[in-house]
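# Overview (structure and organization)
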Amino acid sequence: MNRDKEAAGYTAADQMIVSAAHQIRASDVIYVGLGLPFLASLLAKYTHAPSSTIIIENGIIRTTGFPLPAATDTLGSQTMADQLTSLFYIDCLGQAGFINMGFIGAGQVDRYGNVNDTVIGDYLQPVYKFPGSGGANDVMSFCQRTVVILRQSRRRFPEKVDFITCPGYLDGRPRQREEVGLLPGTGPSAIITDLGCYIFEDGEMVLKSIHSGVGVTLDQVKAKVGWDIRVSSDLEETTPPTEKELRILREKVDPNRIWIGGKRRHLRQDS
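The sections below set out a description of the structure shown in this document. Sequence positions are assigned chain by chain, starting from 1 and proceeding in written order. Note on the predicted model: pLDDT of at least 70 is required for a residue's local features to be given, and 80 or more for side-chain atom pairs to be given and counted; whole-chain, interface and lining totals, by contrast, use all residues. Neither water nor hydrogens contribute to the side-chain values; these are computed over all heavy atoms in the structure.

### Details of the packing of aromatic side chains
Put simply, the rule reads: Any two rings among Phe, Tyr and Trp, with Trp reduced to its six-membered ring, count as a pair given centres within 6.5 Å; such a pair is stacked if its planes are under 30 degrees apart, edge-to-face if over 60, and tilted if neither. Strands here are runs of E lasting at least two residues and helices are runs of H or I lasting at least four, both read from the DSSP assignment and numbered beginning at the N terminus.
By the definition in use, this model includes six aromatic pairs. Ring geometry for Tyr128 versus Phe130: centroids 5.1 Å apart, planes at 80 degrees, classification edge-to-face. Each ring, one from Phe157 and one from Trp227, has its centre 6.4 Å from the other, and the planes form 10 degrees; the classification is stacked. Linking Phe157 in the loop between strand E10 (145–149) and helix H7 (176–179) with Trp227 in the loop between helix H8 (218–223) and strand E14 (230–237), this pair joins segments that are 70 residues apart in sequence.

### Some thoughts on the sheet that holds strand E11 (residues 188–192)
For the record, the criterion: Paired strands, as defined in this entry, are two strands with at least two bridges between them according to DSSP.
Spatial ordering of the open sheet is given by E4-E3-E2-E1-E5-E10-E11-E12-E13-E14, a layout of ten strands whose pairing is mixed. Unpaired on one side and paired on the other, strand E4 (83–84) and E14 mark the two borders of the sheet.

### With respect to the nonpolar core
As a reminder of what qualifies: In plain words, nonpolar cores are sets of buried Ala, Val, Leu, Ile, Met, Phe, Trp, Tyr and Cys residues tied together by side-chain atoms within 4.5 Å. Accessibility here uses a 1.4 Å probe with only protein chains present; expressed as a share of the type maximum, an area under 20% marks a residue as buried, one over 50% as exposed, and anything in between as partly exposed. Residues count as neighbours in contact if any of their non-hydrogen atoms are within 4.5 Å of one another.
One finds Ile104, Val115, Val148, Phe157, Ile191, Tyr198 and Met205 to be the most contacted residues of the largest nonpolar core, which totals 34 residues. Going through the elements one at a time, helix H5 (87–95), helix H6 (136–142), strand E12 (196–201) and strand E13 (204–210) are the ones with two or more residues in this core. Contact partners of Ile104, with chain neighbours within four places excluded, come to Pro37, Val115, Ala136, Val139, Met140, Thr146, Val147, Val148, Ile149 and Cys166. In terms of nonpolar packing, the next biggest core, distinct from the first, is built from 33 residues, Ile54, Ile56, Ile149 and Ala190 among them.

### Focus on helix H3 (residues 36–46)
Within H3, ten of the eleven residues are buried, which leaves the element mostly enclosed by the surrounding structure. Looking at the buried residues of H3, the elements they touch are helix H2 (12–21), strand E1 (29–32), strand E2 (53–56), strand E5 (101–104), E10 and helix H9 (243–253).

### Notes on the environment of Ile258
With respect to the element layout, Ile258 can be found in the segment after H9. Put simply, Ile258 and Glu204 are 54 residues apart on the chain and 33 Å apart in space, counted from C-alpha to C-alpha.

### Observations regarding the pattern of salt bridges
Short version of the rule: Within this document, salt bridges are pairs made up of a side-chain nitrogen of Lys or Arg and a carboxyl oxygen of Asp or Glu, the two lying within 4 Å of each other.
Applying the stated criterion across every chain yields a total of nine salt bridges. Between Arg173 and Asp171 there is a salt bridge, with the nearest N and O atoms lying 3.2 Å from each other. Relative accessible area serves as the criterion here: at 43%, Arg173 is assigned to the partly exposed category. Residue class for Asp171 comes out partly exposed when judged on its relative accessible area of 39%.

### Let's talk about unusual backbone geometry
A positive phi angle is found at Leu170, which is not glycine, with a value near 55 degrees. Secondary-structure assignment places Leu170 in the loop between E10 and H7. On the basis of relative accessible area, Leu170 is assigned to the buried category, the value being 18%.

### Considerations on the pairing of E13
Residues in a regular strand project their side chains so that they alternate between the two faces of the sheet. The line we're drawing: Here the term right-handed applies to a crossover when the path leading from its first strand over the helix to its second strand runs clockwise, the strands being oriented away from the viewer.
Counted residue by residue, E13 has six buried out of seven residues, so it is predominantly covered. Sheet topology note: the E12/E13 ladder contains six bridges and is antiparallel. Bridge assignment links Cys197 to a residue of E13, and that residue is Ser209. Turn length for the E12-E13 hairpin, with the two strands adjacent in sequence and antiparallel, is two residues, and the turn residue Asp202 shows positive phi of about 55 degrees. The sheet contact formed by E13 and E14 spans four bridges and is parallel. Residue pairing in the sheet places Ile210 in a bridge with Glu237 of E14. As for the winding sense of the linkage, the β-α-β connection from E13 through H8 to E14 is right-handed.

### Thoughts on H9
Quick reminder of the rule: The arc in question is formed by the directions pointing from the helix axis toward the C-beta atoms.
For H9, every residue scored as buried is listed here: Glu245, Leu246, Ile248, Leu249 and Val253. With its buried residues spanning 165 degrees around the axis, H9 presents them on a single face. Opposite the buried face of H9, by more than 90 degrees, sit the exposed residues Glu243, Glu251 and Lys252. Summarising the contacts, the buried residues of H9 are in contact with H2 and H3.

### Section: the side chain of Gln108
The line we're drawing: Polar contacts, as counted here, are pairs of nitrogen or oxygen atoms within 3.5 Å of one another; within protein the pair requires one atom able to donate a hydrogen and one able to accept it, and residues that are adjacent in sequence qualify only if both atoms are side-chain atoms.
In this structure, Gln108 sits in strand E6 (residues 108–109). Within polar-contact distance, the side chain of Gln108 engages the backbone oxygen of Arg155 at 2.7 Å.

Laid out in structure tokens, this is it:
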């Protein structure tokens with residue numbers, strides 16, 4: 001990146017989280033995955049989307065803010081929750097159409113928005129194993145729109161994932177999701193990374209904006225994609241974070257700076 005990050009007043013990771021938060025609308029009901037989706041969802045909750053509802057995959061439903069959790073089930077995320085239910089109950093809400101937005105991280109994502117959180121290489125003899133789906137398959141399958149957030153690299157953006165953990169637009173053919181039994185009008189709507197923001201047109205990922213404010217260039221984005229990425233005819237500079245958004249992110253959402261640089265910091269516990 002050509003421009004000094006600190007000179008801009010924020011980092012690429014800050015931009016990624018804020019851009020992801022911008023995907024959340026005022027009264028969204030959000031099925032939130034672990035990690036970066038929590039930061040973006042809480043930031044939206046404390047800024048432009050105070051009426052949003054955050055649903056955690058293990059069954060916690062909240063219309064109020066809460067301390068940034070290190071896992072899906074913590075005392076902080078449970079305390080004063082609106083409801084404490086179950087994974088089955090949450091998935092039933094999704095299947096019935098009551099959850100309009102999904103928000104997940106990813107190990108890999110491909111050209112058509114398919115997410116791999118399972119293995120790289122052969123399933124029985126993998127080169128690498130990811131932690132697994134959790135509730136992410138249900139999120140991508142049932143929510144009306146799903147946003148994926150991850151740090152971008154060429155190995156995390158292959159043209160075709162080795163294993164489809166969460167179905168995007170499969171091989172990109174029209175109405176293929178519906179053909180395999182998924183609800184119409186569902187699927188990935190945006191991919192947010194530390195380099196840019198992507199949307200989907202005709203089932204294929206399209207670069208919509210780049211994080212020019214932290215020095216990202218189009219050539220850098222293309223170098224970290226495993227195929228010839230489509231670029232929007234009206235490619236934009238990503239809207240930079242405001243001072244208020246950065247202050248709330250750093251002081252209220254993540255005051256302990258657990259997610260510095262977009263990666264979780266391993267905290268040493270005192271003996």
